[in-house]
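# Commentary on secondary and tertiary structure
The residues making up each chain are set out below.
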Amino acid sequence: ATTPLFTVILAHFLTADEKLTRGRIFGIGLGFLGVATLIGPEALLGAGAAVLGQIAVLGAALSYGFAGIYGRRFHGTSSTVAAAGMLCGSSVMLLPLVLVFERPLEASPDLAAWGAIVGTAILSTAIAYLLFFRILARSGATNVMLVTFLIPISAMGLGVFVLGEIFTLNAALGMALIFAGLAAVDGRLVTMAQRRNSA
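Now for a look at the structure at hand. (Residues numbered from 1 in each chain as written. Predicted model: local features only at pLDDT ≥ 70, side-chain atom pairs only at ≥ 80, totals over all residues. Heavy atoms only, no water.)

### Here's the deal with the pattern of salt bridges
Inspection of every chain in the model, using the stated rule, returns two salt bridges. Here D17 and R72 are joined by a salt bridge, their closest N and O atoms 2.9 Å apart. Residue D17 is found in the loop between α1 (3-14) and α2 (22-39), and its partner R72 is found in the loop between α3 (51-71) and α4 (79-102); the two are separated by 55 residues along the sequence. A residue is classified by how much of its surface remains accessible, and D17, at 56% relative accessible area, is exposed. Classification of R72 as partly exposed rests on a relative accessible area of 27%. In this structure, a network of salt bridges that share partners links the residues D17, E18 and R72. (Salt bridge = Lys/Arg side-chain N within 4 Å of Asp/Glu carboxyl O. Helix = DSSP H or I, 4+ residues; strand = E, 2+ residues; numbered from the N terminus. Buried < 20%, exposed > 50% of the residue type's maximum accessible area, 1.4 Å probe, protein only.)

Next comes the structure, spelled out in structure tokens:
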């Protein structure tokens, strides 16, 4: 959820056309407040024991912010070529580490594990990065990274419909704040307000 925060700040300093605006700052703040409301304050308790892990997660979110801005360089390249090049390159870089630390040749996955591997590879990686590069080319780094605000909502939906978790008032309020934040960053709230004022 911190990815859009990092992205909007980095884009302000590293790009010429994605500067900070009041609407974007307000929208990012709303989205972040929505995520905090959705997960609840109890998620922050006991943080002292996992500070290094939390710093690593923030580092990953910062890296995503840089990735969105760097990915703008592929504006003239087909999203298919950009996604394939990025995934092939990262696979080649990670392969030696996987062979040493994960030892996949010693594993014997069952059918369910193979299904999970294929699903993750095709749906959550290949198709996701095709969409990522296409949206990045059309809408910019800040807008493409707003998708990370939707991850807690997806997790909550899966929890309710798959695991039988309870849909709470906090969850509903958090979702509403996240969607309002997305609309504010996108500029729709400002446009709607201007239309009402001019009517």
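On we go from here.
### Remarks on the packing of aromatic side chains
Applying the stated criterion across every chain yields a total of four aromatic pairs. Ring centres 6.0 Å apart and planes at 75° place the aromatic pair Y70 and F74 in the edge-to-face group. F74 sits in the partly exposed class, given a relative accessible area of 34%. With 5.1 Å between their ring centres and 85° between their planes, F132 and F133 make a pair best called edge-to-face. Through successive ring pairs, a cluster of aromatic residues spans Y70, F74, Y129, F132 and F133. (Phe/Tyr/Trp six-rings, centres within 6.5 Å; stacked < 30°, edge-to-face > 60°.)

### Things to note about the side chain of T15
Locating T15 in the fold gives a position in the loop between α1 and α2. Look at T15 and you get buried, because its relative accessible area is 7%. At 3.3 Å, the side chain of T15 forms a polar contact with the backbone nitrogen of E18. In this structure, T15 is in contact with I69 and R72, ignoring residues within four places of it in sequence. (Polar contact = N/O pair within 3.5 Å; in protein donor to acceptor, adjacent residues only side chain to side chain. Contact = heavy atoms within 4.5 Å.)

### Brief notes about the packing of α1 against α3
Taken N-terminus to C-terminus, the directions of α1 and α3 make an angle of 45°; their axes are 8 Å apart at the nearest point. With respect to their mutual orientation, α1 and α3 come out oblique. Seen along the crossing, α1 lies across α3 with a hand that is right-handed. Where α1 approaches α3, its residues T3, F6, T7, L10, A11 and L14 are matched on the opposing element by L58, A61, L62, Y64, G65, F66 and I69. A class-by-class count of the residues in the contact of α1 with α3 yields 10 nonpolar, three polar and no charged. (Axes fitted to C-alpha atoms, helices over the stretch in contact; angles between N-to-C directions. Parallel < 35°, antiparallel > 145°, perpendicular 65-115°, else oblique. Left-handed = near helix turned anticlockwise from the far one by under 90°. Nonpolar A, V, L, I, M, F, W, Y, C, P; charged D, E, K, R; others polar.)

### Description of the packing of α2 against helix α7 (residues 169-186)
Relative to each other, α2 and α7 sit at 165°, their axes nearing to 7 Å. The angle between α2 and α7 falls in the class roughly antiparallel. Read as a crossing pair, α2 and α7 show a hand that is left-handed. Facing G23, R24, F26, G27, I28, L30, G31, L33, G34, V35, T37 and L38 of α2, the residues of α7 in contact are N170, A171, L173, G174, M175, L177, I178, A180, G181, A184 and V185. Its residues assigned to classes, the contact of α2 with α7 comprises 14 nonpolar, eight polar and one charged.

### Quick notes on the environment of V51
Considering the arrangement of structural elements, one finds V51 in helix α3. The exposure class of V51 is partly exposed, given its relative accessible area of 41%. Distance in space between the C-alpha atoms of V51 and G40 is 19 Å, their sequence separation being 11 residues.

### Description of a nonpolar patch on the surface
Among the surface-exposed residues, V118, I122, L123, I127, L131 and I135 lie close enough to one another that they form a single nonpolar patch of about 520 Å² accessible area. Its location among the elements puts L131 in helix α5 (residues 111-145). (Patch = residues over 30% accessible without salt bridge, like charges linked within 9 Å, V, L, I, M, F, W, Y side chains within 5 Å. Areas by Shrake-Rupley, 256 points an atom, 1.4 Å probe, with all protein chains shown as cover.)

By themselves, these are just geometric observations and shouldn't be taken as functional.
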